[in-house]
Amino acid sequence: MSFDGITIHALVRELDRALSDSRITKIAQPQPEELIITVKNGGEKHLLLMNANASLPLIYLTQENEISPLKAPGFLMLLRKYIGSGVIEKVSQPGLERVVRLQIRHLDELGDLARKYLYIEIMGKYSNIIFTDDNDRIIDSIKRIGANTSSVREVLPGRDYFIPSQKDKYNPFDVTRTMFIEEILRRPGETARVIASGLVGFSSVSSVEVCLRAGVDPSVSQASLTQDQKNALFDAFRQILAMIDQTEPSPVIYSDPVTKKPLEFSAWPLLSYENASCTRSSSVSQMLYSYYSAKNTYSNMKQRSADLRKNVKNLLERESRKLNIQQKQLESSKKMDKYRIYGELLHTYGYEAKEGDDSIEVINYYDNKPLKIPLDPKKPVMECANDYFKRYEKLKRTKEAVSLQIEDTRKNIDELDSVLTSLDMAEDEGDLSEIRHELSDYGFLRKSSHSKKEKALKAKPLHFVTDDGADIYVGKNNYQNEYVTFKLAKPLDWWFHAKNMPGSHVIIKTDGGEPSDRDFEIAAQIAAYYSKGRDNDKTEIDYVKRKEVMKSPGKAKGFVIYHTNYSMTVHPEVSGVRKA
């Protein structure tokens, strides 16, 4: 679930229990838009991290401290001045807004009791950390927002603090059945989107959950809903409100069952991810920390492959432009036969031309039709004929050379296209290392002496085991495809590949037996998933005995040919298997 009002509702409950009556002992600002507040309550110590970065706003309890800059920023000095030794009295959330409020008690300059508020707004690019007095007048903020930046609200010292109203959205705790059906469900659009657009704090994931609990398709238009469905949606909505208000959170992280890529998190279990792998967390803060740490690992992988991907795309564009030029040259060479015929006809009928003629009309003895041949009036007819023969020979040589060049260019495009697909499948640095080696081995990248460390970074093909116990192997790049097909597979093993597109070589080990029909379908689905057709609803898969597959002459590693095969059309997915 995105960091919506429901997640914050669960987090606030956790923070209030942990931080109420805790004394602030340290405030640090390790990043320009990040604060870490250290508090102590009895013998317990807690670190509260809050980040107002537009790309990843966060707030949770953490165990990891960060190094602060030598020079403290002005906002940090201000907080230390007022609340550096204050006591957090309460952590709350206004309605179901994406806002956390810390109520802090401290002593002012005269030693009198005073209160301040720290608002942490988790609102995407509008996220902020705002410090106010007891009258909600802004003292300062980690990001100052002037009138030239926002026409809705100024966040500047001396201005009154308020949460911008969300147009046409209702506080979920104030919504009645009549309001839900007559006001919210009357808006045009898909049911889940309509619910999300009408309720404060409800993300698209939360709205889909309402639909699934009510037994309504989230993508169906609200205009087609029956009265019973509308009532069921309201009942499901009220059940979720009761759940988040009265039951303890059960934080979970959902991930891809095969790649382990984190997909979503939620303070309570979700019906929409019941087929994904589920990992439970001990707390909402732990859930958030684990989820974003895992997601950061995958983001770093994308970043590490970004330069390589950019190089491959540039090479692919260059080869595509080259192919376009070569095809135009090949098209122009089609005129060569015309020039040959002109030369032959001038040798036959040239005596009929008179000196100074700029053309001659003769009968083309290939089709018995009249043909007008241009002449150079300054040259003899036989010299004009020889010029046409020279043009013919030049275009003939061009056609032969360009045809070979087109073949090479298309081969390069196929290889680069397959590498681009391999980059989408890369899971670790070993996969990237193999792809770099492949590009350099085939001349796309500059050759470099591979260090011992690089040579050690060899990735292995994916290995899955079906519920029936069949072993399935998947190559993630051309080098692995070569290994899986021609070294790992035996002649009677079954081989799978997406039809007419780059993708992994997938094999089922038979070990003398025959896989079940279900295993055939699973292998085909895996071959579709690890191919360029991964995002298609349906992808056609060829499968054949491994002995029918041969290396493609003159092509790079991993390119094969086969002359007989079976085919099936499947939905790309990885299911019914576990990673070995």
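Quick caveat: nothing in here was measured; it's all calculated off a predicted structure.

Reading the values: rules and limits
Residues numbered from 1 in each chain as written. Predicted model: local features only at pLDDT ≥ 70, side-chain atom pairs only at ≥ 80, totals over all residues. Heavy atoms only, no water. Axes fitted to C-alpha atoms, helices over the stretch in contact; angles between N-to-C directions. Helix = DSSP H or I, 4+ residues; strand = E, 2+ residues; numbered from the N terminus. Parallel < 35°, antiparallel > 145°, perpendicular 65-115°, else oblique. Left-handed = near helix turned anticlockwise from the far one by under 90°. Contact = heavy atoms within 4.5 Å. Nonpolar A, V, L, I, M, F, W, Y, C, P; charged D, E, K, R; others polar. Pairing = 2+ DSSP bridges. Salt bridge = Lys/Arg side-chain N within 4 Å of Asp/Glu carboxyl O. Buried < 20%, exposed > 50% of the residue type's maximum accessible area, 1.4 Å probe, protein only.

Looking at this structure, how should I read the packing of helix α4 (residues 191-198) against helix α5 (residues 204-214)?
Each pair of packed helices can be summarised by the angle the axes make with each other and by the distance between the axes. Following both chains from N to C, one finds α4 and α5 inclined at 125°, their axes separated by 8 Å at the closest point. One way to sum up the angle between α4 and α5 is to call them oblique. Between α4 and α5 the crossing geometry is right-handed. Residues Thr191, Ala192, Ile195 and Ala196 of α4 lie in contact with α5, whose contacting residues are Ser204, Ser207, Val208, Val210 and Cys211. Each residue belonging to the contact of α4 with α5 can be placed in one class, and the counts come to six nonpolar, three polar and no charged.

Can you walk me through the sheet that holds strand β18 (residues 506-508) in this structure?
Whenever strands of a sheet pair, they do so through backbone hydrogen bonds, lying parallel or antiparallel. Pairing is antiparallel across the open sheet formed by seven strands, whose spatial order is β22-β19-β17-β18-β16-β15-β23. In this open sheet, the two edge strands, each paired with only one partner strand, are β22 (566-570) and β23 (577-579). With direction set aside, neighbouring strand axes in the sheet form an average angle of 25°. Here strand β15 (residues 462-466) pairs with β23 via three bridges, running antiparallel. From the neighbouring strand, threonine 466 faces β23, where its bridge partner is valine 577. Sheet strands in contact with helix α12 (residues 478-488) are β16 (471-474), β17 (494-498) and β18, and its direction is about 140° off that of β16. Helix-sheet contacts for helix α13 (residues 517-529) involve β15, β16, β17, β18, β19 (539-545), β22 and β23, and the interaxial angle to β17 is about 40°.

Hey, could you run me through the sheet that holds strand β9 (residues 138-141) in this one?
Spatial strand order, β4-β3-β2-β1-β5-β6-β7-β8-β9: nine strands in an open sheet with antiparallel pairing. Two strands lie at the open edges of the sheet, namely β4 (58-62) and β9, each paired on one side alone. Averaged over all neighbouring strand pairs, the angle between strand axes comes to 25°, with direction disregarded. Here strand β2 (residues 34-41) pairs with strand β3 (residues 44-51) via eight bridges, running antiparallel. By the bridge assignment for β3, isoleucine 37 is matched with leucine 48. Running at roughly 175° to strand β1 (residues 22-31), helix α2 (residues 74-83) makes contact with β1, β2, β6 (99-107), β7 (113-121), β8 (128-132) and β9 of the sheet.

Sorry if this is basic, but what is going on with the pattern of salt bridges here?
Any two side chains of opposite charge can pair if their charged atoms end up close together. Applying the stated criterion across every chain yields a total of 26 salt bridges. Here arginine 177 and aspartate 235 are joined by a salt bridge, their closest N and O atoms 2.8 Å apart. Highlighted residues: arginine 177 in helix α3 (residues 177-184) and aspartate 235 in helix α6 (residues 227-246), separated in sequence by 58 residues. For arginine 177, a relative accessible area of 34% puts it in the partly exposed group. A salt bridge links glutamate 331 to lysine 334, with the nearest nitrogen and oxygen atoms 3.1 Å apart. The class for glutamate 331 is partly exposed, based on a relative accessible area of 47%. According to the relative accessible area criterion, lysine 334 is exposed, its value standing at 59%. Through salt bridges with shared partners, one network takes in Arg13, Arg17 and Glu248.

Honestly, that's just the spatial picture; any functional story needs more than this.
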